[in-house]
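# Observations on the three-dimensional arrangement
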Amino acid sequence: MKKLKLFLSCICFLMIVLFPFHGFTEQEIKGTYEKSSNEVLFNTGVQTTYLDTYTINGQEDVFICIEDLEALGYEKKWHSLLRKTIFTRKGTYADQEKKYFIEDLNFSIDTKILKKNAAHLKSKGNIYKSDVSVYVGDKNATTYNANGYSLIGLNELKRLKIPYFFLFYKETNHDQKLYPLLTTNGYGVVDLNGNLILKPQFDKLFFPENNAKNLLVKKDGFYWIIDRNGNFIKKLIQDNEEIYTQVKENYIIFNFLEEKRRYKIFDFDGNDLFHEDFRDINVLDENHIFIKTKEDIGKVYKKEKDTFEEFYTFEKPIYKVFRVDKNMIFATGIYPHKVLVVDKDQGILSEDEYPDIHPFSNGYAVVELANNRYAFVNEDLKRISSEDYRDIGKVHNNLFAFLKDGKYDGRSSSEGLKGATFGLMDIKKGLVLPPEYKKIRVYKEGAIRFSKVGKKYGILDLNREIILDEKFDHIFMKNNHFYALKNDTFYIYDTKGTLIAKEKNNNQYDLRENTGYFVQFWDDGKKDNLPAGGNWSNDRPDEKLPLGIKDVVLHSFRDEKAHHGFGNVNSILTKDDLLIPYALTYRGCPVPPPDSYFPTYLIK
């Protein structure tokens, strides 16, 4: 009998270890759960599926079955002795705190697992007290045990920084900034809190450049104006796959790629602005539009109240108009495409003198010379110096960065532009810093961030006196303080370089400087393959990352269906570490690219 009892005890022990009763102890009921009508979209930009959702005891949060992660590229392991379940991402995604590789998520969603989990949980049931711990990676997750399965809230998923979960949010906040969400079901609309505003259903999706109430979509072969609630407002045109669509400012341009190319332009209320076709259209800014008639006559129209009135008509053939500044109209002539500048009232101011003239900044403009070098002109288009440069940046506080001479190559490098060294000039007083720096940044407070070697940073004042030595991995200035990172220590200095505080870096500091791009030195002859128009200026981005955006993630797969420009699928990373996959098209990108793509060596 004793041997039998010992044998039965061993059997019970083995059953507990091998087949754990892992969900609850003594079935102590802590509440109830119930299936919800809310919809949660799991979307990586490569794989898409809607998940069943649940409510718990009337809580406002929305819950999903954490076992669903098994169907979404996670592996589940049960540790019987520790009474712990661990979910880990398969493949190379373990380093998700540092970088996101969308292509690593190219797996097949296991719908059988999703159906099995939904069938087990049924429509409603009890929540039990559990002695089982649930981990995602190395982080302990707060979950609710539903008869052996675990429910986890969307807010908890956000806390754990698990991306790609979007709640369909039926109430639209019209004041917030919205972004496109790319899925295998098409395009949807999402906000930065992870709320899905419009379900993915559109073949194409275009946003106006401000926060307007309407959007442009393509669905079932037609272009439509819709509102933020998904209501179809107005049908515009049918797409025959020979139409190139561009959104610039708050206007929609359709380019019909036929034997005789023609253009039409609409606003985001669906109004045809001119009620006719043109040979060419270019939106110069919100209030100026250039058109070229079928007779090849160039005209500039200016917005007066709610309509566009004719502003200037060219008497001679031109290639295009690219800017209106006050009364001055900047155009490009017929080949060799040198700049023509006319005043609306005074006539021609400059003709065939410069291949390019950049926008004015603080009274000066950068001009390209016939020898492929650069100089400055004043607002009367007169050269202010006989000296020219290999490349120069805009003037801010009378200072400009310059590349004097030397060969360079390579557009992207963490150490600066390869083979190039930059200097700093005062446009009135002369040389401030000789051209021996790999990176330079001038702050409006008068400090200069510099890097001679490209990998480390220091701070100079305008008298070239060193405030901080060139030894920091990163420095930025904010609120008259320098914030510097060296190895794993974070330092704060005043403007004289006196240490105020230092602490261990805990990755809570946003070291990215969202102050806008100042100057970019392009490789010679390589401008053609860069995005132009839309939210970017033609050659030099001068954009800030929108509020709430931390970064733009460029690890991506190629959209083989793209016909124009860049067809990569990319993502934006929000301040709350929500990753939103979206399509980067040739025009109309919702946010500018990060430094890794357009390296910024000189920043205002």
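Residue indices begin from 1 for each chain and proceed along its sequence in written order. Only residues with pLDDT of 70 or above have their local features reported here, since the model is predicted, and side-chain atom pairs are shown and tallied only from 80 upward, although totals for entire chains, interfaces and linings are computed over all residues. Based on all heavy atoms of the structure, the side-chain values leave hydrogens and waters out of the count.

## Some remarks on the overall build of the protein
Looking only at helices and strands, the protein features 3 helices and 50 strands. Note on classification: 1.4 Å probe, protein chains only; a residue is buried when its accessible area is under 20% of the maximum for its type, exposed when over 50%, partly exposed between these limits. A total of 604 residues make up the protein; the buried ones form 51% of that total. Contacts between residues were defined by any pair of non-hydrogen atoms, one from each residue, lying within 4.5 Å. Here the contacts in the protein between residues at least 6 apart in sequence split such that 45% fall between residues at least 24 apart. The numbering of helices and of strands both runs from the N terminus, where a helix is a DSSP run of H or I of at least 4 residues and a strand a run of E of at least 2.

## Some points on the sheet that holds strand E7 (residues 84–89)
Strand order in the open sheet made by the 4 strands is E6-E7-E9-E10, with mixed pairing throughout. Bordering the open sheet on either side are strand E6 (74–79) and strand E10 (139–141), each of which pairs with just one other strand. The average angle at which neighbouring strand axes cross in this sheet is 30°, direction not considered. At least two bridges found by DSSP between two strands are what make those strands a pair. In terms of strand pairing, E7 meets strand E9 (residues 133–136) through 4 bridges, oriented parallel. Directly across from Thr85, in E9, lies its bridge partner Val134. Under this scheme, a helix contributes an axis fitted over its contacting stretch, all axes are lines through C-alpha atoms, and angles between N-to-C directions fall in the 0 to 180 degree range.

## Regarding the sheet that holds strand E26 (residues 298–304)
Ordered by their spatial adjacency, 4 strands build an open sheet running E24-E25-E26-E27, and the pairing between neighbours is antiparallel. On the outer flanks of this sheet lie strand E24 (280–285) and strand E27 (307–313), each paired with one strand and no other. Each adjacent strand pair in this sheet contributes to an overall mean axis angle of 30°, direction not counted. Looking at chain direction, strand E25 (residues 288–292) and E26 are connected through 5 bridges and run antiparallel. Within E26, the position partnered with Phe290 by the bridge is Val300.

## What about the pattern of salt bridges?
Counted as salt bridges are all cases of a side-chain nitrogen of Lys or Arg within 4 Å of a carboxyl oxygen of Asp or Glu. As enumerated under the stated definition, the model contains 15 salt bridges in all. In this structure, the salt-bridge partner of Glu156 is Arg159, at a minimum N-O distance of 2.7 Å. With Glu156 and Arg159 both in helix H3 (residues 154–159), this residue pair falls 3 residues apart, about one helical turn. In this structure Arg159 comes out as partly exposed when scored by relative accessible area, which is 46%. The salt bridge involving Asp272 is made with Lys264; its shortest N-O contact spans 2.9 Å. On the basis of relative accessible area, Asp272 is assigned to the buried category, the value being 15%. The class for Lys264 is buried, based on a relative accessible area of 13%. Several salt bridges share partner residues, and in doing so they unite Arg262, Lys264, Asp272 and Asp277 into one network.

## A closer look at helix H2 (residues 111–121)
Think of an α-helix as turning once every 3.6 residues; residues three or four places apart then point the same way. Of all the positions in H2, only Ile113, Leu114, Asn117, Ala118 and Leu121 are classed as buried. Seen along its axis, H2 keeps its buried residues to an arc of 130°; they face one direction. Of the exposed residues in H2, those oriented more than 90 degrees away from the buried face are Lys112, Lys115 and Ala119. Residues adjacent in sequence count toward polar contacts only when both atoms are side-chain atoms; beyond that, a polar contact is any pair of N or O atoms within 3.5 Å, and within protein one must be able to donate a hydrogen and the other to accept it. Between the side-chain oxygen of the N-cap and the backbone nitrogen of Lys112 there are 3.1 Å, and the N-cap of H2 in question is Asp110. Here the arc refers to the set of directions running from the helix axis out to each C-beta atom.

## What to know about the environment of Tyr319
Tracing the backbone through its elements, the reader meets Tyr319 in strand E28 (residues 318–325). For the pair Tyr319 and Ala331, spaced 12 residues apart in sequence, the C-alpha to C-alpha distance is 7.4 Å. Discounting chain neighbours no more than four positions away, the residues touching Tyr319 are Lys292, Thr332, Gly333, Ile334 and His337.

## Concerning the confidence of the model for the protein
For the protein, the mean per-residue pLDDT works out to 78, and 75% of the residues sit at or above 70. Looking at any residue, its pLDDT shows the predictor's confidence there, from 0 to 100. For the protein, strand E50 (residues 602–603) is the element with the lowest average pLDDT, namely 28, and strand E5 (residues 63–65) is the one with the highest, namely 97. Low confidence marks residues 13–25, where pLDDT is under 50. Its contacts with residues over four positions away, or in another chain, come to 25 contacts. Overall, residues 584–604 carries pLDDT values under 50, and its contacts beyond four positions in sequence, including any with other chains, amount to 102 contacts.

## Quick word on the packing of aromatic side chains
Whether two aromatic rings pair depends on their centres lying within 6.5 Å, for rings of Phe, Tyr and Trp, where Trp uses its six-membered ring; planes under 30 degrees apart make the pair stacked, over 60 edge-to-face, and the rest tilted. Throughout the structure, instances matching the rule amount to 25 aromatic pairs. Members of the aromatic cluster, joined through ring pairs, are Tyr251, Phe274, Phe278, Tyr301 and Phe308. Over a ring means this: the NZ of a Lys or the CZ of an Arg is within 6 Å of the ring centre and within 35 degrees of the ring normal. Lying over the aromatic face of Phe330, Arg323 brings its terminal NZ or CZ to 4.9 Å of the ring centre. The ring centre of Phe311 lies 5.5 Å from the NZ or CZ of Lys344, which sits over that ring.

## Let's talk about the nonpolar core
Here, the term nonpolar core denotes a set of buried Ala, Val, Leu, Ile, Met, Phe, Trp, Tyr and Cys residues that are joined through side-chain atoms within 4.5 Å. Formed by 28 residues in total, the largest nonpolar core has its most connected members in Val40, Phe42, Leu51 and Phe165. Residue assignment for this core shows that the elements contributing at least two residues are strand E2 (40–43), H2, E9, H3 and strand E13 (165–168). Every residue in contact with Leu51, bar those within four places of it in the chain, is listed here: Val40, Phe42, Ile64, Asp68, Leu72, Leu114 and Phe165. Residues Tyr443, Ala447, Leu468 and Met477 belong to the second largest nonpolar core, which totals 18 residues.

## Quick look at unusual backbone geometry
Following Tyr335, the chain continues into Pro336 via a peptide bond in cis, with omega recorded as 15°. Following the sequence through the fold, Pro336 ends up in the loop between strand E29 (328–333) and strand E30 (339–343). Phi is positive for Asn372, which is not a glycine, with a value near 65°. Note on placement: Asn372 falls in the loop between strand E33 (365–368) and strand E34 (374–377). A positive phi angle, near 55°, is found at Asn487, a position not held by glycine. Among the structural elements, Asn487 can be located in the loop between strand E44 (481–486) and strand E45 (489–493). Accessibility expressed as a relative area gives 57% for Asn487, which makes it exposed.

## A closer look at the pairing of E30
The element E30 is largely enclosed, with a buried count of 5 among its 5 residues. Here E30 shows two buried faces, one formed by Val339, Val341 and Asp343 and the other by Leu340 and Val342. Where E29 lies against E30, 5 bridges are found, and the strand directions are antiparallel. Pairing of Phe330 across the sheet is with Val341, part of E30. With antiparallel pairing between neighbouring strands as the criterion, E29 and E30 make up a hairpin whose turn holds 5 residues, including His337 at a positive phi of roughly 60°. Two strands pair when backbone bridges link them, and E30 and strand E31 (residues 347–351) are joined in this way by 4 bridges, in the antiparallel orientation. Note on E31: the bridge partner recorded for Asp343 is Gly347.

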